Amino acid sequence: MCGIIGIASYKDISKEILDSLKKLEYRGYDSAGISTINNGEIVENKCAGKVSDLEKLIKKTSLSGNIGIGHVRWATHGAPNQANAHPHSSEEVSVVHNGIIENSAIIKKELIDKGHIFKSQTDTEVVTHLITENLKKMNYLESVFATLNKLEGSFALGIIFKKFNNLIVGARRGSPLAVGYTDKEKYIGSDSYALNSMTKEVSYLDDGDVCVLTKDKIEFFDKNKKKIEKKIHKLANDEDVYSKGNFKDFMSKEISEQPEVIKKCINEYLDKIRKEINIVNFPVDPKKITKVNLIACGTAYHACAVGKYWFEEFTNIDVSVDVASEFRYRNNKIKTNELYIFVSQSGETADTIAALDFCKKKGAKTCAIINVTESSLSRLADLVLPIHVGPEVGVASTKAFTGQILVLLLFILKIARIRNEIKEEEYLNIIKDLENIHSNVALILNNKKIIEDLAVDFIDIKGSMFLGRGLSYPIALEGALKFKELTYLHAEGYPAGEMKHGPLALVENGMPVIVIAPKDRFYEKTISNMQEVIARGGKILLISDHADEVATSENIWSEIRIPKIHKFLSPFLSNIPLQLLAYYVALKKGNDIDKPRNLAKSVTVE
Ligand code: F6R
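Residues numbered from 1 in each chain as written. Predicted model: local features only at pLDDT ≥ 70, side-chain atom pairs only at ≥ 80, totals over all residues. Heavy atoms only, no water.

Engineer: Can you walk me through the overall build of the protein in this structure?
Structural biologist: Helices and strands together make up the secondary structure of the protein, namely 18 helices and 27 strands. Scaling as 2.2 N^0.38, a compact globule of 606 residues should have a C-alpha radius of gyration of about 25 Å, and the protein matches this with 26 Å. With respect to the three principal axes, the spread of C-alpha positions in the protein is 80 × 55 × 45 Å. Sorting the 606 residues of the protein into buried and exposed places 61% on the buried side. Carbon and sulfur atoms form 49% of the exposed surface of the protein, whose accessible area is close to 23,700 Å². Both charge centroids of the protein, one from 81 positive and one from 79 negative side chains, sit 2 Å from each other. (Helix = DSSP H or I, 4+ residues; strand = E, 2+ residues; numbered from the N terminus. Rg over C-alpha atoms; globule rule 2.2 N^0.38 Å. Buried < 20%, exposed > 50% of the residue type's maximum accessible area, 1.4 Å probe, protein only. Areas by Shrake-Rupley, 256 points an atom, 1.4 Å probe, with all protein chains shown as cover. Lys, Arg positive; Asp, Glu negative; His and termini not counted. Charge placed at Lys NZ, Arg CZ, Asp CG, Glu CD.)

Structure, rendered in structure tokens:
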């Protein structure tokens, strides 16, 4: 992953570059670094840890310059230490990189044979040495193109030069890169979010593009070195939504925003008078769709898994759900009468983009359900459905999941209506409950203290299991994912009916098992599975909307009661206590809530 920034200015850029790196930290926080041109020399400042650590270092060493590049790292090649932190510099150039150079080992060997001495274990350092080598016989632009021609893999690069000390070169293949403009400064950045406090005008590099920026202008070249023009996009003025406000962290803010974002998203899509869902321009005629393929990673994949149940419930369309990193390498038989739906909060997840690209190249029609509308995925898909939940900053996805399942449901209901596969009465009932769902989410959030109190009992556990059936099975998976990524405690999501086929062996006296059992057609079966766990000593936390005396027997450790709603809408409610549980356990353990260890928000490497 990693985040990169570059600024060419008429004034000192130290503060701007540090501020931009703080905004990019969601892409990685293993190390941070900056290179500037100062008195004709490349000056590098870098350290392991977060941008706040870099800030402390810079206070001691001082940083200045009008031209600079910066980086936050999510380690791929080499441990997260100071030597492997970017930028990687030689006497002549300094480089920041996001992505992976797949043939770095071969290039490194060739360069060592030519006398180059490497200081890090990173793949990036070969770029530094290759450009340095090429500069012996070429100008800066030729040396960059010659270097790019040798590289395999995916990357976005920012490069500064000792001898060409008024410019920055940016290059993109696979990993995103935006450029920004003002009269007096020009920028490159991994995304527009990093740039939007400095400029509201951006362009995006396409694969193979190279840009050269000075404080006065930006020039673009395609992969054949031909000069090209780029469209300028205007960014929205939404700086304040990136603030934590009165919240301790972004995650708690984002969890609490869910009632509002649900309302907003429904308003965007639903004609409240006619009860019609405003989705048009389907890339495949809904009446002719033979199969739908849902593809995503992580939490977004769990949203797709919820979508599969809804597709099967409301339409007669075949559905498959795939993790993008598996989908892209399988021998998939892509068909043009099937619809390929990609779900992603960031719209920059490398595996999801590659899977979409794979489908497009085979002539398939694609739809993207995304949060970041200026993302790569939204520029590539035939139909883009935004989830309208606003920026999600906490690494653990919360409100985006809710937005993803909401838009998936609206999309599925729309298709079901067009195909005449859902009864009018059922459709209207669902719409009615959907319009109210925000208040039910708010009810759960108002009672969060109950979950905060329960969290104490999870701090010292060895591990836990999250169980559900039907629509609650993907919610169990999502609950377990949230729990492990925030608390660093082992958690496994499982279909409740599968426990006796192996995982029951894990259950021992006192092991917490979270059972999600709303009153749907799986309820009785889930409760039986729960009793099997209780019989082996499992300590049950039941999440249900059902006040059944038998189910809530004395054998249960605790219960979180969620409001009763339409049986197909339970995921919107049952997921909320699981987000809160993960949050409070992590908080009580003293973990970094918004930046869990080893992770990053936007996964731009495969
Ligand atoms: C978990 C989480 C990740 C993301 C995954 C896909 O809380 O956030 O699992 O869901 O990395 O990211 P997007 O949705 O940006 O494609």
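Engineer: Explanation requested: helix α13 (residues 399-418) in the structure shown.
Structural biologist: Owing to its 3.6 residues per turn, the α-helix aligns residues three or four sequence positions apart on the same side. The terminal C-alpha atoms of α13 lie 29 Å apart, and with 20 residues this matches the ideal 28 Å at 1.5 Å per residue to within 8%. At the C-terminal side of α13, N420 shows a positive phi close to 60°. (Expected span 1.5 Å × (residues − 1).)

Engineer: Where do I start with the side chain of E485 in this structure?
Structural biologist: Structurally, E485 is set in helix α16 (residues 472-487). Residue contacts for E485: discarding those within four places in its chain leaves V395, A396, S397, P596 and L599. (Contact = heavy atoms within 4.5 Å.)

Engineer: Even after reading the chapter, I still don't get the sheet that holds strand β27 (residues 558-561), so can you show me in this structure?
Structural biologist: Whenever strands of a sheet pair, they do so through backbone hydrogen bonds, lying parallel or antiparallel. One open sheet accounts for five strands, arranged β24-β23-β25-β26-β27; its pairing is parallel. If you trace the sheet from one side to the other, it starts and ends with β24 (490-495) and β27, each paired once. Across the sheet, the mean angle from the axis of one strand to that of its neighbour is 15°, orientation sign disregarded. Where strand β25 (residues 512-516) and strand β26 (residues 539-544) come together, five bridges link them in parallel fashion. Opposite I516, over in β26, you have I543 as the bridge partner. (Pairing = 2+ DSSP bridges. Axes fitted to C-alpha atoms, helices over the stretch in contact; angles between N-to-C directions.)

Engineer: Help me understand the packing of aromatic side chains in this model?
Structural biologist: Aromatic ring pairs are described here by two measures, namely the spacing of the ring centres and the angle between the planes. If you walk through the whole model with that rule in mind, you get 13 aromatic pairs. Measuring from centroid to centroid gives 5.3 Å for F314 and F568, while their planes differ by 90°, and the two rings are edge-to-face. Here the residue F314 occupies a position in helix α9 (residues 298-314), and F568 occupies one in the loop between β27 and α18 (570-589), the gap between them amounting to 254 residues. The residues F314 and F568 share a single accessibility class, namely buried. Among the aromatic residues, those joined into a ring-pair cluster are F458, F466, F483 and W557. Here the guanidinium or amino end of K184 rests over the ring plane of Y10, the centre of that ring lying 5.3 Å away. Taking NZ or CZ as reference, R417 lies 4.0 Å from the ring centre of Y427, over its face. (Phe/Tyr/Trp six-rings, centres within 6.5 Å; stacked < 30°, edge-to-face > 60°. Lys NZ or Arg CZ within 6 Å of the ring centre and 35° of its normal.)

Engineer: Honestly, the sheet that holds strand β14 (residues 227-228) in this entry has me stumped. Any pointers?
Structural biologist: With antiparallel pairing, seven strands are arranged side by side in an open sheet as β5-β6-β7-β8-β12-β13-β14. Whereas interior strands pair on both sides, the edge strands pair on one side only; in this sheet they are β5 (88-89) and β14. Of the strands in this sheet, β5, β6 (93-101) and β7 (153-161) touch helix α4 (residues 125-135), which is tilted by about 130° from β6.

Engineer: Hey, could you run me through the site of the ligand in this one?
Structural biologist: Taken together, 14 residues are adjacent to the ligand, and S344, Q345, S346, T349 and E485 come closest. Between an oxygen atom of the ligand and a side-chain N or O atom of K482, the distance comes to 2.8 Å. In the complex, the protein chains occlude 90% of the 400 Å² of accessible area that the ligand would expose alone. Broken down by secondary-structure element, the contributors of at least two residues to the shell around the ligand are α9 and α16. (Near = heavy atom within 4 Å. Polar contact = N/O pair within 3.5 Å; in protein donor to acceptor, adjacent residues only side chain to side chain.)

Engineer: Sorry if this is basic, but what is going on with the pattern of salt bridges here?
Structural biologist: Any two side chains of opposite charge can pair, so long as their charged atoms come close to each other. This structure, assessed with the given rule, holds 48 salt bridges. A salt bridge links D19 to K15; the shortest N-O distance between them is 2.5 Å. Linking D19 with K15, this pair stays in helix α1 (residues 14-24), spanning four residues, or about one helical turn. K253 is the salt-bridge partner of E257, the closest N and O atoms lying 3.2 Å from each other. For the pair E257 and K253, one class covers both residues: buried. Among the charged side chains, a salt-bridge network with shared partners connects K15, D19, K22 and E55. (Salt bridge = Lys/Arg side-chain N within 4 Å of Asp/Glu carboxyl O.)

Engineer: Any chance you could explain the environment of Y488 here in plain terms?
Structural biologist: Along the chain, Y488 falls in the loop between α16 and β24. Note: C-alpha distance between Y488 and Y340 (148 residues apart in sequence) is 34 Å. Those residues within four positions of Y488 in sequence are excluded, and the remaining contacts are F483, N591, D592, P596 and R597. Engagement of the side chain of Y488 in a polar contact is seen with the backbone nitrogen of R597, the distance being 2.9 Å.

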